[in-house]
Amino acid sequence: MIFLGSWATLNILSGSTGYFLSEKSTKYFHQMNAGWNLVNAGIAGFALYNISQMDVASLSYTQSLNELQKLDKFLLLNTGLDVGYMATGAWLWERGIRKKSARLEGYGKSLIVQGGFLLAFDLVLYFLHSPITSDLMQLTESINVTVSGFRINF
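Owing to the predicted nature of the structure, the values given are computational and were not obtained by experimental measurement. (Residues numbered from 1 in each chain as written. Predicted model: local features only at pLDDT ≥ 70, side-chain atom pairs only at ≥ 80, totals over all residues. Heavy atoms only, no water.)

**Brief notes about the overall build of the chain**
Phase 1 of the analysis: Assigned secondary structure in the chain consists of 4 helices and 2 strands.
Phase 2 of the analysis: Counting only C-alpha atoms and orienting by the principal axes, one finds that the chain spans roughly 75 × 30 × 15 Å.
Phase 3 of the analysis: Buried positions account for 30% of the 154 residues belonging to the chain.
Phase 4 of the analysis: The long-range fraction of contacts in the chain, counting pairs at least 24 apart against all pairs at least 6 apart in sequence, stands at 68%.
Phase 5 of the analysis: Each charge class in the chain was averaged separately, 11 positive and 10 negative side chains, and the resulting centres sit 16 Å apart. (Helix = DSSP H or I, 4+ residues; strand = E, 2+ residues; numbered from the N terminus. Buried < 20%, exposed > 50% of the residue type's maximum accessible area, 1.4 Å probe, protein only. Contact = heavy atoms within 4.5 Å. Lys, Arg positive; Asp, Glu negative; His and termini not counted. Charge placed at Lys NZ, Arg CZ, Asp CG, Glu CD.)

So this is what it looks like as structure tokens:
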């Protein structure tokens, strides 16, 4: 979330500056980058706040596993949304060319860039995170609890 927040801050600053220093579709490209990343900054801030409020040590094994599985599913859902952002951007860009609209072109280009970043971000997080969930699931499957005790199968 620190990385996402840093990306958002960079885009808000460069987008705001670029908006006032650019012309035509580049102006709208920067405008969308700044606006889009106000949302990203909010998401990162909200997530960091929630993380700081969570006492991970107090979670049971089952609760931890459930949280890990929810995060994996959330990241995969986000990758689908990211592809949708990019497709919408391509559509806006193409429509802007047909309609001779610098705003639609700029917004479209921005959505492709922002969606591409988020797609890479979510996929990297998923591929870094999902092995942890998988390892815990395998550990769960190898533990047998019986009346006389428990056994770990290797």
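Moving on, there is more to tell.
**Comments concerning a nonpolar patch on the surface**
Phase 1 of the analysis: On the surface, L71, F74, L77 and L81 cluster together to form a nonpolar patch covering roughly 360 Å² of accessible area.
Phase 2 of the analysis: With respect to the helices and strands, L77 occurs in helix α3 (residues 61-99). (Patch = residues over 30% accessible without salt bridge, like charges linked within 9 Å, V, L, I, M, F, W, Y side chains within 5 Å. Areas by Shrake-Rupley, 256 points an atom, 1.4 Å probe, with all protein chains shown as cover. Salt bridge = Lys/Arg side-chain N within 4 Å of Asp/Glu carboxyl O.)

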